[in-house]
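Architecture at a glance
So you can see what is in the structure, the chains are spelled out below.
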Amino acid sequence: MASLSRALHVAANCPPWRPAQRLRLQALAGAPGPRAEKNVPYQRTLKEEAQARGPSQPLPSTASVVVIGGGSLGCQTLYHLAKLGVAGAVLLERERLTAGTTWHTAGLLWQLRPSDVEVELLAHTRRLVSQGLEEETGLHTGWIQNGGLFIASSRQRLDEYKRLMSLGKAYSVESHVLSPSETKALYPLMKVDDLYGTLYVPQDGTMDPAGTCSTLARAAVARGAQVIENCPVTGIRVRTDDFGVRRVAAVETDHGSIQTPRLVNCAGVWAGAVGQMAGVKVPLVAMHHAYVVTERIEGIQNMPNVRDHDASVYLRLQGDALSVGGYEANPIFWEEVSDKFAFGLFDLDWDVFTQHIEGAINRVPVLETTGIKSTVCGPESFTPDHKPLMGEAPELRGFFLGCGFNSAGMMLGGGCGQELAHWVVYGRPEKDMYGYDIRRFHPSLAAHQRWIRERSHESYAKNYSVIFPHDEPLAGRNMRRGPLHEELLGRGCVFQERHGWERPGWFSPQGPAPVSGQQLAWMPLPCSRARQAVGAVAVIGKAVRPRPVLAPLRALLCPEAAGFSEGLADLVVRPRKALRGHSGSGLLSWSLSSPLGQNRRVLFWLILQPVVGWLQGPGASQRGSADESHSADWRAEPGREVNPSRPRPSHLLQPGPTPSNRPRPSIRPRPWRNRFYVPWSSHLAKAPFAVSRGFGDIQIEVIRRMSLDWGRMRCDVFLGWKASRPEGVGRVEGWEGPALRPRTFQIQRECLSCRGAAAVFDMSYFGKFYLLGPDARKAADWLFSANVSRPPGSTVYTCMLNRRGGTESDLTVSRLAPGTQGSVVAPAFEGDGYYLAVSGAVAQHNWCHISTVLQDQRFRCQLVDCSEDLGLISIQGPASRAILQEVLDADLSNAAFPFSTHRLVRAAGHLVRALRLSFVGELGWELHVPQASCLPVYRAVMAAGAQHGLVNAGYRAIDSLSIEKGYRHWHADLRPDDSPLEAGLAFTCKLKSAEPFLGREALEKQQAAGLRRRLVCLTVEEKVPMFGLEAIWRDGQVVGHVRRADFGFTVDKTIAYGYIRDPSGGPVSLDYVKTGDYALERMGVPYAAQVHLKPLFDPENKRVKGIY
């Protein structure tokens, strides 16, 4: 049998016209299509040929719930429905249980992930498969507890693991950070000399898909459910009720139909096809996902499973062998999903899979001489944000989703199956499942196939990347842009992406794309299927054909550059002139790891002065020429700090050939690189944009795009810019590691300007809805926890709750007076009217929640979405009144325009709705402006504010300012599993009145029993960055974890908010909160903390009222 090293050699050296199968290595390659037969590593498997026969049992005429798909999620959902007492639930599987994707999954379970909700979901899965099912049925599920080991090849990765360890303490998940020597003692076959450490979780393990699903099915049947195999679904019947609402009516098959009001789509890769039957959009794509199983390895028995994120590889214990797999940067899409595919497999593409072999051999050297027993390459479904799709579809009532699990359906299946069952039965899950809720996608995104494909590709490629704070996607940008986008871009805006919207993150005072003459270019290489991975300071690609790939790029940048040849090791290009709107010549260095004709693996290093700058530390020149720059040793080895005084090699500064004695960089990716993917379609080139990266800040503006062709291969070239480091910015200590952080100083400037003068915020991405009609007041009284039925002209901050008292949203509601104007800022309506403003990141979630309540309660009113028609410009700060008094035709005094009111005014001659509100704790107004009027109104505001110190500011400033003021952020410190009482928002609940509202009964019960947890504010004196998930200690016990953290520039402290509980299980009183010694554990290190019961900034709330 071929060894891993042999496979690597063949994949690297076999030319495209001489495929590997011609070398008679049958285990290495085969036909490109799916294969019906393939050995699989499981002792117990359901891989059997489906015979041409009918359903395994007769179909019932009716069912309370129909689950479509007998994989992990389908079986888990059916089991938990039955456990909740649902009678008559039916599961339909077109082949046999586990067919499609589940049967070939690796079945790994890792308990620690960078999400508190996912830790809870994984904990339930583990309890169920390791103990619960066996106790209930007497059957063993195939659970093996051999532990899990996360590998840290960089300091940043080890810091990430330390954060996971701290979070695990809040959930009693045992974990240990091990040194390289301790790792070697635990796993003797592992190479550890390049490690910083590892994270060991003893109770991680492996599940058997066949054993787990069959046990779940038996347990569900014993509770009254039905499992019907060999019964494909051919259609979904839909009815429209008296109010025009589409609802599920029946599920159709070739063998009859089943009347049902609810169905759950757990069809995995085929979930999109099931959705099409009912007109439901399912945003997922199908990709090949593979692993190989080795021959027997002496000494591997009982070793833990390994996940080496930096090498993008996992090693799963398979008895006395290993399964080797991972997430590659260039996955293969399954373009035409076949409905006949059940237990088949694809042939492995060794061009794609080779990178995993390299990583596995590097980590466990014995694999170099170990044979390959079998290859497993099957289909998996992946989503744009690498999160599952769950919940009720907004297009069709009664149609639930449980799909798109990104190859994690086994480990998340137990927890997600439980939550999905609650969703079906009670209308909402028990936990905060917004991150998985299908309603997180705007309809325009869920139906955009190119966006889904590009974003899914990027998410797949980044799956093993370090989770840096404030990381932003690069794929599928500019889908939704506000009316001020181009104007703000020209003023130096760096955008964030939320809900498809480009919203301001922060502003650079130097204007658009500030650089030191350096440019950053991405070049998708002409490789197998034209796929590529891109790094923050490097581009890695694999050239399958020995073609002169740099020649077209050279011609694009500089026609007179030196010639190119296969044996050239470096090509340094100086563009003839700067690109439009920017100064400096730019320096672009492309280094080939070895001549293309030898191994065809190409490594391109981008040598940029800004990268040099942040390694140099303070004192580096911001605008010095490239020839004046010096480089640190960016090839820092583990355990050794970089050398800030090491001079940069002079040959990197000069154009022309490279000295032959120059050491070539290794083809192995450097462990500290943050890799990301840039799509190769033209979608990114729709318009300029800028993004903020976690590993330093990368400001990107797409200047020009050119399509290049090499025969049948096609790629796009994008040019952009890399921000340099401002004067005085050096290394940033802590989890982020050394990074470019110009944003820190700009965000501080924006915050302090807002506190001292004024700042303007473009909040146009906000959701803006009108609730109008005869029953609008009844609907508002039921929907909103606060009393919003005040006189017209009033604005109220309120919450929307679910039946369990959890917070579905916080928003502002403005009461409208009936009018006949019929404009977008003053709609014509009869009856009552309300104007709702909600965060744009969760606008679709709010829209669906309100629509569902209106339908269930049968209120006669309509919900109108004006989010795309209105912009929102917020002016905040002590000088805001003086500025706006020059722009608006209204009296802005406290008496004439008090806080929490609104009115129609004219701004620079344009009709707008002005609301006196603040999200930052300052005197200020929001101007809700028709889209066509946004630009002139904005320019008028900026002109009036020039003499008052008005600055542009973004959402990074809002985050800092709001946390100082104690304002809540939904889905951070306020979620569907948090009540307003627990979050300190009792003032938003009309409990003192007799007015009924959704969630009132749950709040009254909670109030009577006492709060079992409370949201508290904590600060630390040390200047250490915190981002959330840090453990909260009280008197030597873990009592919770941080939900949200940021630095308050006004109070000059790190501020954290989190919920605490009493370990004894009793109520958490205010006396309990005030007493005790607190600490926040950050990456395993505790920091003394102080608890605060009031906001840190302006606790008396004077400034929002104009009292300074």
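Cut-offs used in this document
Residues numbered from 1 in each chain as written. Predicted model: local features only at pLDDT ≥ 70, side-chain atom pairs only at ≥ 80, totals over all residues. Heavy atoms only, no water. Axes fitted to C-alpha atoms, helices over the stretch in contact; angles between N-to-C directions. Helix = DSSP H or I, 4+ residues; strand = E, 2+ residues; numbered from the N terminus. Parallel < 35°, antiparallel > 145°, perpendicular 65-115°, else oblique. Left-handed = near helix turned anticlockwise from the far one by under 90°. Contact = heavy atoms within 4.5 Å. Buried < 20%, exposed > 50% of the residue type's maximum accessible area, 1.4 Å probe, protein only. Nonpolar A, V, L, I, M, F, W, Y, C, P; charged D, E, K, R; others polar. Core = buried A, V, L, I, M, F, W, Y, C linked by side-chain atoms within 4.5 Å. Expected span 1.5 Å × (residues − 1). Bend = angle between axes of the 7 residues up to and from the residue. Pairing = 2+ DSSP bridges. pLDDT = per-residue confidence, 0-100. Salt bridge = Lys/Arg side-chain N within 4 Å of Asp/Glu carboxyl O. Phe/Tyr/Trp six-rings, centres within 6.5 Å; stacked < 30°, edge-to-face > 60°.

This next bit is on the packing of helix α2 (residues 72–83) against helix α6 (residues 209–222). In the contact formed by α2 and α6, the axes pass within 9 Å of each other and the chain directions differ by 25°. As far as their axial angle goes, α6 and α2 are roughly parallel. Judged by the twist between their axes, the crossing of α2 over α6 is left-handed. Facing Ser72, Cys75, Gln76, Leu78, Tyr79 and Ala82 of α2, the residues of α6 in contact are Cys213, Leu216, Ala219 and Ala220.

By the secondary structure assignment, Gly107 is in the loop between β3 (89–92) and β4 (108–109). Residue classification places Gly107 among the buried positions, given a relative accessible area of 2%. Sequence spacing of Gly107 and Ser407 is 300 residues, and the spatial spacing of their C-alpha atoms is 9.1 Å. The contact partners of Gly107, leaving out residues within four places of it in the chain, are Gly205, Thr206, Met207 and Met410.

So, on to the packing of helix α17 (residues 776–783) against helix α18 (residues 843–857). Between α17 and α18, the shortest axis-to-axis distance is 11 Å and the interhelical angle comes to 115°. Note that α17 runs across α18; the crossing there is right-handed. Listed contacts from α18 to Ala779, Trp782 and Leu783 of α17 are His849, Ile850, Val853, Leu854 and Gln857. Considered class by class, the residues forming the contact of α17 with α18 number six nonpolar, two polar and no charged.

In this section: the nonpolar core. Ranked by size, the top nonpolar core spans 145 residues in total, and within it Leu92, Tyr187, Leu315, Leu367, Phe399, Leu412 and Cys416 carry the most contacts. If one sorts the elements of this core by residue count, helix α9 (residues 409–426) sits on top with eight residues. Residues Ile873, Trp925, Cys934 and Tyr938 belong to the second largest nonpolar core, which totals 33 residues.

This paragraph deals with helix α3 (residues 116–137). Compared with the 32 Å implied by 1.5 Å per residue over 22 residues, the 30 Å span of α3 between its first and last C-alpha is a close match. At Leu128, α3 shows its strongest bend, of approximately 50°. Of all the residues in α3, the buried ones are Asp116, Val117, Glu118, Val119, Leu121, Leu122, His124, Thr125, Arg126, Leu128, Val129 and Leu133. Following α3 by one or two positions, Gly138 has its phi on the positive side, about 80°.

All right, on to the sheet that holds strand β38 (residues 832–838) then. The five strands are arranged β36-β37-β38-β35-β39 in an open sheet whose pairing can be described as antiparallel. Only two strands of the sheet have a single partner each, and these edge strands are β36 (795–801) and β39 (862–865). Averaged over all adjacent pairs, the angle separating strand axes in this sheet is 30°, with direction ignored. Sheet analysis places β36 next to strand β37 (residues 807–816), joined by seven bridges and oriented antiparallel. Within β37, the position partnered with Thr795 by the bridge is Ser814.

Taken together, six strands build an open sheet; the order of strands is β41-β42-β43-β40-β34-β44 and the sheet is mixed. Among the strands making up the open sheet, the edge pair consists of β41 (902–907) and β44 (950–953). Between one strand and the next, the sheet's axes are offset by a mean angle of 30°, whatever the strand orientation. In terms of strand pairing, strand β40 (residues 870–876) meets strand β43 (residues 924–930) through seven bridges, oriented antiparallel. Directly across from Ile873, in β43, lies its bridge partner Leu927.

In this model, the chain carries an average pLDDT of 80, and 75% of its residues clear a pLDDT of 70 or more. For residues 15–52, every residue scores under 50 in pLDDT, and the model assigns this stretch 86 contacts once sequence neighbours within four places are set aside. Segment residues 514–740: pLDDT under 50, and 563 contacts once partners within four positions in sequence are set aside and those in other chains are kept.

So, about the pattern of salt bridges. Under the definition given, this model contains 50 salt bridges. Arg247 is the salt-bridge partner of Asp241, the closest N and O atoms lying 2.9 Å from each other. Classification of Asp241 by relative accessible area gives buried; the value is 13%. On the basis of relative accessibility, which here comes to 19%, the residue Arg247 falls in the buried class. For Glu458, the salt bridge is made with Arg455, and the minimal N-O distance between the two is 3.9 Å. Here Arg455 and Glu458 lie together in helix α11 (residues 449–461), a separation of three residues that amounts to about one turn.

Turning our attention to the packing of aromatic side chains. A ring pair, where both rings are aromatic, is described by two values, the distance of the centres and the angle of the planes. Following the criterion strictly, the structure yields 22 aromatic pairs and no others. Judged by centre distance (6.4 Å) and plane angle (85°), the ring pair of Tyr327 and Phe382 falls under edge-to-face. Note that Tyr327 is positioned in the loop between β17 (321–325) and β18 (345–346) and Phe382 in strand β19 (residues 372–382), a separation of 55 residues in sequence. Under the relative-accessibility criterion, Tyr327 is labelled buried at 8%. Judged by its relative accessible area of 0%, Phe382 falls in the buried class.

Bringing the environment of Trp143 into the picture now. Checked against the element boundaries, Trp143 lands in the loop between α3 and β5 (148–152). Sequence spacing of Trp143 and Arg126 is 17 residues, and the spatial spacing of their C-alpha atoms is 8.8 Å. Once residues lying within four places of it in the same chain are set aside, the contact partners of Trp143 are Leu109, Arg126, Val129, Ser130, Gln203, Asp204, Gly205, Thr206 and Met207.

All right, on to unusual backbone geometry then. Phi is positive for Ser312, close to 55°, though the residue is something other than glycine. Residue placement: Ser312 occurs in the loop between β15 (305–308) and β16 (313–318). Owing to a relative accessible area of 4%, Ser312 belongs among the buried residues under this scheme. The phi dihedral of Asp1035 is positive, around 50°, even though this residue is not glycine. Along the chain, the position of Asp1035 falls in the loop between β46 (1031–1034) and β47 (1037–1048). Judged by its relative accessible area of 45%, Asp1035 is partly exposed.

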